[in-house]
Amino acid sequence: MQGKIIRIVSNQYTIIDHKSNRLQALAMGKVRKQDKPVVGDEVDVEIYDGRYCIEKILPRRNRLYRPAVANVDQAMIVMSAVDPVFSNVLVDRLVFLIEYSDIEPLIVVSKMDLTSADDPVYGYIEDYRNSGYQVILVGHDYELDELKAALKDKVTVLAGQSGVGKSSLLNKLDPDFALATQEISKALNRGKHTTRHTELYEVAGGWLADTPGFSSLDFSRIDALTMAGKIKDFQTAEPCRFNDCHHLNEPGCAIIRGVEEGRISKYRYDNYVAITELCNKKKEWEL
Ligand SMILES: Nc1nc2c(ncn2[C@@H]2O[C@H](COP(=O)(O)OP(=O)(O)OP(=O)(O)O)[C@@H](O)[C@H]2O)c(=O)[nH]1
Ligand SMILES: [Mg+2]
Ligand SMILES: [Zn+2]
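Conventions adopted
- Residues numbered from 1 in each chain as written.
- Chains lettered and ligands numbered in written order.
- Predicted model: local features only at pLDDT ≥ 70, side-chain atom pairs only at ≥ 80, totals over all residues.
- Heavy atoms only, no water.
- Near = heavy atom within 4 Å.
- Polar contact = N/O pair within 3.5 Å; in protein donor to acceptor, adjacent residues only side chain to side chain.
- Nonpolar A, V, L, I, M, F, W, Y, C, P; charged D, E, K, R; others polar.
- Axes fitted to C-alpha atoms, helices over the stretch in contact; angles between N-to-C directions.
- Helix = DSSP H or I, 4+ residues; strand = E, 2+ residues; numbered from the N terminus.
- Left-handed = near helix turned anticlockwise from the far one by under 90°.
- Contact = heavy atoms within 4.5 Å.
- Buried < 20%, exposed > 50% of the residue type's maximum accessible area, 1.4 Å probe, protein only.
- Lys, Arg positive; Asp, Glu negative; His and termini not counted.
- Salt bridge = Lys/Arg side-chain N within 4 Å of Asp/Glu carboxyl O.

(A) Expanded view of the site of ligand 1. Inspection of the region around ligand 1 gives 13 residues, with Asp-113, Ser-162, Lys-166, Ser-167 and Ser-168 positioned closest. The side chain of Lys-111 places a nitrogen or oxygen atom 3.0 Å from an oxygen atom of ligand 1. The backbone of Val-164 places a nitrogen or oxygen atom 3.4 Å from an oxygen atom of ligand 1. Looking at the shell around ligand 1, its residues break down into two nonpolar, eight polar and three charged.

In structure tokens:
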């Protein structure tokens, strides 16, 4: 049978099958030797001697290392409208890293209750929507229906700087989830050996990783050309005729023309240019 790993504690794997049954399994030695299973992995499970055993990891669509999660559908970027003030630079750093990892970004703007009608955040929200990103607004007295619909049936990781309201949002989405993650961080802080523990929690009919990701914002191992190829608005614009174009100052570049003609946002293009300076500093395998 097949299922998804949602929790790993040493060699004990909690797997949920397609009928939402939870079962406890062990990993066969050969599976652990290849590439250790991580939460989010889809696996084949067999019964040996009356015990469930993971026989095989199915091919991964993508994989994150911090937190270790496979087959991630989307990363929810939480950015507050104010306090701290909305930063398109930070949003784009996250968006570009997330798209580079073959994961769909979902932008959630929090603390919208603290904005007045003329807040510049409304312009940014429109720009990101025009660029092809889903942007959901939340705050005190905001309905969470749209966010819940976006989380349903998806594996989601969280991203966003401190103080933007990630915990408050989770607490509102599902008080049980917030409690569960609090208990875990307490338990982990108690011992000296704070083992890394990532778990997928069922929230709004989907799966949410309990540890936020993309906190390092390190572009040094990222190939700028590959990154450019995955940025949403760089793809929807008429494609660049140079397949090795970095879209920086190449004459005849379609992206630069898109910026000049207003189809691609100037500040988002500038964010891209600034980030390319941080790329390709280290080889993928260097530590
Ligand atoms: N007005 C308003 N305040 C909010 C909202 N969401 C969060 N806050 C406040 O913002 C502060 C930070 O919220 P947290 O949920 O702790 O932020 P966090 O992203 O979890 O921060 P870290 O755990 O440090 O990463 C708290 O004082 C919250 O009460 C909101 O939608 N509206
Ligand atoms: Mg928090
Ligand atoms: Zn180009």
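Picking up after the structure, the text goes on.
(B) Representation of the packing of helix H2 (residues 88-100) against helix H10 (residues 266-276). For the pair H2 and H10, the least separation of the axes is 10 Å and the interaxial angle reads 65 degrees. Read as a crossing pair, H2 and H10 show a hand that is right-handed. Contacts between H2 and H10 involve Asn-88, Val-89, Asp-92, Arg-93, Val-95 and Phe-96 on the former and, on the latter, Tyr-267, Arg-268, Asn-271, Tyr-272 and Ile-275. Of the residues in the contact of H2 with H10, the class split is six nonpolar, two polar and three charged.

(C) Representation of the side chain of Glu-99. Within the secondary structure, Glu-99 is located in helix H2. Of the side chains with opposite charge, Lys-232 comes closest to the buried, unpaired Glu-99, at an N-O distance of 4.6 Å.

(D) A look at the environment of Cys-279. Relative to the elements of secondary structure, Cys-279 occurs in the segment after H10. We classify Cys-279 as buried; its relative accessible area is 3%. When the C-alpha atoms of Cys-279 and Leu-151 are compared, they prove to be 31 Å apart, with 128 residues separating the residues in sequence.

(E) Quick peek at unusual backbone geometry. Omega for the peptide link from Arg-66 to Pro-67 comes to 0 degrees, which places this bond in the cis form. Cis peptide bonds are those with omega within 30 degrees of zero, and the linkage from Asp-83 to Pro-84 qualifies with 0 degrees. Residue placement: Pro-84 occurs in the loop between strand S8 (74-80) and H2. Even without being a glycine, Asp-102 presents a positive backbone phi close to 60 degrees. Within the secondary structure layout, Asp-102 lies in the loop between H2 and strand S9 (104-110).

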